[in-house]
Amino acid sequence: MSITTSDTRLAPDISPDSGNRRWLALAVIAVSQLLIVLDATITTIALPTAQKALNISDANRQWVITTYALAFGGLLLLGGRIADYTGRKRAFIIGLLGFAAASALGGAAVNEGMLFSARALQGAFGALMAPAALSLLTVTFTDAKERARAFGVYGAIAGGGGAVGLLMGGLLTEYASWRWTLLVSTPIAIIAALAALRFVSESRAEGNTRYDLPGALTSTLGLVALVYGFTKASSDGWGAATTIEFLVAAGVLLVAFVVIELRSSHPLLPMRVILDRNRGGSYLSALLLGVGLFGVFLFLTFYLQITLGYSALETGVAFLPFTLGIILGAGLSAQLLTRVGPRVLMAGGLLLAAVGMVMLTRIGVDTGFWSHVFPAELVISFGMGVTFGPMSNTALVGVADHDAGVASALINTTQQIGGSLGTALLNTIFTSAVAGYLTDHQHDITSPAQLPGLQAVATVHSYTVAFWVSAGLIAVASLIAFLLVRASRAEVAASPAVM
């Protein structure tokens, strides 16, 4: 069987029984998307147990989350280009098998270095798998109605997979082992790869196949250096030579990335995509939202399990209000987008999320879930739900057809990179706040028996410090959306949807 086309978007090789095969292909692609979304959240609930088992320090525990998000976000654009030109089916299957191997490596980890490496590999193979899956879905379903149904399934999994991951993380940690939050992905990915061999058809883009490897290298290394600099600040201090060296190196590498992109004939990230006022406002808001939001899941997990004494399963259930709020907010936003435009919804939704974050600063050692955490979760998630749709649509306003793929991927990229940076930064702020609080209140201790109580208060106080920083970052994102986004209702209605 062969593939022929006159442009870069190839129709897949489809046999006479393609009607059934299309939907079987959708099932395989949906499973891959579920794996990617699951592994972004499933280890969060298991983190307190894994940290204890592998003797991971408070300063380093964020790498379990950060390495995955950083590798995924940093390599997503390159992964899409590789999939386009080497074959989307081939890249998809390689991504699945690599993801399976990385998951097995993480589940068998005997130390923190092995676990962090496995999570980075998961993110890297996910960055190859995700754009290949989305491209395959696009070329497999050419009928408008069928494509709408297919993307509806894909979007539902993308939206609900995070909650499923939190629940699965709780179940597996509670009744099996934290290791199974990683190992469970291995058989699923292998089965999906075997099914892809049978049911998914190959497609690839023709034309110039040059890859912007210098751009990918400098951007990824720059982001890693920045995250590591934040981490070293937690242990060595902001003024330490090592911290400064890594932060300076990060700045040099990221500036080099921009220079490379401006001069490259085939840039990984064309600067024209982000320099537009509306699109730039959308991407910058998404980046700051990721910075402010990802660390919250980490700190809430520890607060619920360590401070309130919740089990891993109870913690997973406690995050369900996030899903409810996002669904409600997204439903309202979809109804209002073409009536009021994206600016009001983005700025208002982000401001509401910032208010919810401020509500979280009221938690204490003796406060309860229903009185303090639950209301804040609903407000934050409702604001997020209102924001996501307009943010995604604004990311494509006025973009040229040949830049649409990059513009679409940038929303995920900025959120993932923001999440990795935010997790590292907020964890550094947290550990510094703990040390500062203990130093300032050590004179309050009159007997060794009082030390655990002081440590508990210092820990919760430091959570609230991190929440205040998150609230400020999301409020800045709201201001940026208000000042920069000027897209009209008509422009948003005319732009293609981001999936």
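The following paragraphs examine the structure supplied in this document.

Rules used in this analysis
Residues numbered from 1 in each chain as written. Predicted model: local features only at pLDDT ≥ 70, side-chain atom pairs only at ≥ 80, totals over all residues. Heavy atoms only, no water. Helix = DSSP H or I, 4+ residues; strand = E, 2+ residues; numbered from the N terminus. Contact = heavy atoms within 4.5 Å. Areas by Shrake-Rupley, 256 points an atom, 1.4 Å probe, with all protein chains shown as cover. Axes fitted to C-alpha atoms, helices over the stretch in contact; angles between N-to-C directions. Parallel < 35°, antiparallel > 145°, perpendicular 65-115°, else oblique. Left-handed = near helix turned anticlockwise from the far one by under 90°. Nonpolar A, V, L, I, M, F, W, Y, C, P; charged D, E, K, R; others polar. Phe/Tyr/Trp six-rings, centres within 6.5 Å; stacked < 30°, edge-to-face > 60°. Buried < 20%, exposed > 50% of the residue type's maximum accessible area, 1.4 Å probe, protein only. Core = buried A, V, L, I, M, F, W, Y, C linked by side-chain atoms within 4.5 Å. Polar contact = N/O pair within 3.5 Å; in protein donor to acceptor, adjacent residues only side chain to side chain. Salt bridge = Lys/Arg side-chain N within 4 Å of Asp/Glu carboxyl O. Expected span 1.5 Å × (residues − 1). Arc of directions from axis to C-beta. Patch = residues over 30% accessible without salt bridge, like charges linked within 9 Å, V, L, I, M, F, W, Y side chains within 5 Å.

Of regular secondary structure, the protein possesses 18 helices and zero strands. Long-range contacts, defined here as pairs at least 24 residues apart, represent 83% of the contacts in the protein between residues at least 6 apart. Roughly 20200 Å² of accessible area belongs to the protein as shown, and the carbon and sulfur atoms make up 66% of that amount.

Between helix H11 (residues 277-307) and helix H14 (residues 342-360), whose axes approach to 12 Å, the crossing angle comes to 25°. Taken together, the axes of H11 and H14 lie roughly parallel to each other. Read as a crossing pair, H11 and H14 show a hand that is left-handed. In this structure, H11 contributes Ser282, Ser285, Leu289, Gly292, Leu293, Val296 and Leu300 to the contact, and H14 contributes Met346, Leu350, Met357 and Leu360. Across the contact of H11 with H14, the residue classes tally to eight nonpolar, three polar and no charged.

Next up on the list: the packing of aromatic side chains. Each aromatic ring pair is characterised by the separation of its centres together with the angle its planes make. The tally for this structure, following the rule as stated, stands at 16 aromatic pairs. Aromatic pair Tyr310 and Phe369: ring centres 6.3 Å apart, planes at 50°, arrangement tilted. Of this pair, Tyr310 sits in the loop between H11 and helix H12 (312-318) while Phe369 sits in helix H15 (residues 369-394), and the two are 59 residues apart along the sequence. A relative accessible area of 24% means that Tyr310 is categorised as partly exposed. A centroid spacing of 5.1 Å and a plane angle of 10° characterise the contact between Phe430 and Tyr463, whose relative ring orientation is stacked. Of the two residues, Phe430 is situated in helix H16 (residues 404-441) and Tyr463 in helix H17 (residues 451-484); the sequence distance between them amounts to 33 residues.

Our next topic: the nonpolar core. The biggest cluster of nonpolar side chains holds 87 residues, and the ones touching the most others in it are Leu300, Met357, Leu360 and Phe467. When sequence neighbours within four positions are dropped, the list of residues in contact with Leu360 reads Val296, Leu300, His372, Val373, Ala376, Ile380, Thr464 and Phe467. Formed by 31 residues, the second largest nonpolar core is a distinct cluster that contains Val28, Leu96, Leu137 and Ala196.

With respect to the helices and strands, Thr181 occurs in helix H6 (residues 180-183). Counting along the chain gives 12 residues from Thr181 to Gly169, while the straight-line C-alpha distance between them is 5.7 Å. Look past the residues within four positions of Thr181 in its chain and what remains in contact with it is Asp39, Ile42, Thr43, Ala46, Gly169, Leu172 and Thr173. Within the local environment of Thr181, its side chain forms a polar contact with the backbone oxygen of Trp178, the two atoms lying 2.5 Å apart.

What follows concerns the pattern of salt bridges. A pair can form between side chains of opposite charge whenever their charged atoms are brought close. Taken as a whole and assessed by the stated rule, the structure comprises four salt bridges. The closest approach of N and O atoms between Arg279 and Asp276, which form a salt bridge, is 4.0 Å. Arg279 gets classed as buried once you look at its relative accessible area, which sits at 7%. Of the residues examined, Asp276 reaches a relative accessible area of 26% and is grouped as partly exposed.

Here we come to unusual backbone geometry. Even without a glycine there, the phi angle at Asn55 is positive, about 55°. On the secondary structure map, Asn55 appears in the loop between helix H1 (18-53) and helix H2 (63-86).

Moving on to the environment of Trp178. Position of Trp178 among the secondary structure elements: in the loop between helix H5 (144-175) and H6. The sequence separation of Trp178 and Gly107 amounts to 71 residues, and the corresponding C-alpha distance is 8.1 Å. Not counting residues within four places of it along the chain, the set of residues in contact with Trp178 comprises Ala46, Thr49, Ala50, Ala53, Leu54, Gly106, Leu115 and Thr173.

Right, let's get into helix H13 (residues 320-340). The terminal C-alpha atoms of H13, which comprises 21 residues, lie 29 Å apart, in line with the 30 Å expected from a rise of 1.5 Å per residue. For H13, the set of buried residues is Pro321, Phe322, Gly325, Gly329, Ser333 and Leu337. A positive phi of about 85° marks Gly341, the residue just after H13.

For helix H7 (residues 185-199), built from 15 residues, the straight-helix expectation of 21 Å at 1.5 Å per residue is met to within 8% by its first-to-last C-alpha distance of 20 Å. Those residues of H7 lying buried are Ser185, Thr186, Ala189, Ala192, Ala193 and Ala196. Projected down its long axis, H7 shows its buried positions confined to an angular sector of 130°, all on one face. Opposite the buried face of H7, at more than 90 degrees from it, the exposed residues are Ile191 and Leu194.

Take a nonpolar patch on the surface next. Taken together, the side chains of Leu97, Ile190, Leu194 and Leu197 define a hydrophobic patch exposed on the protein surface, amounting to about 370 Å² of accessible area. In terms of residue count, H7 provides more of the nonpolar patch than any other element does, three residues in total. Checked against the element boundaries, Leu97 lands in helix H3 (residues 88-107). Classification of Leu97 as partly exposed rests on a relative accessible area of 43%.

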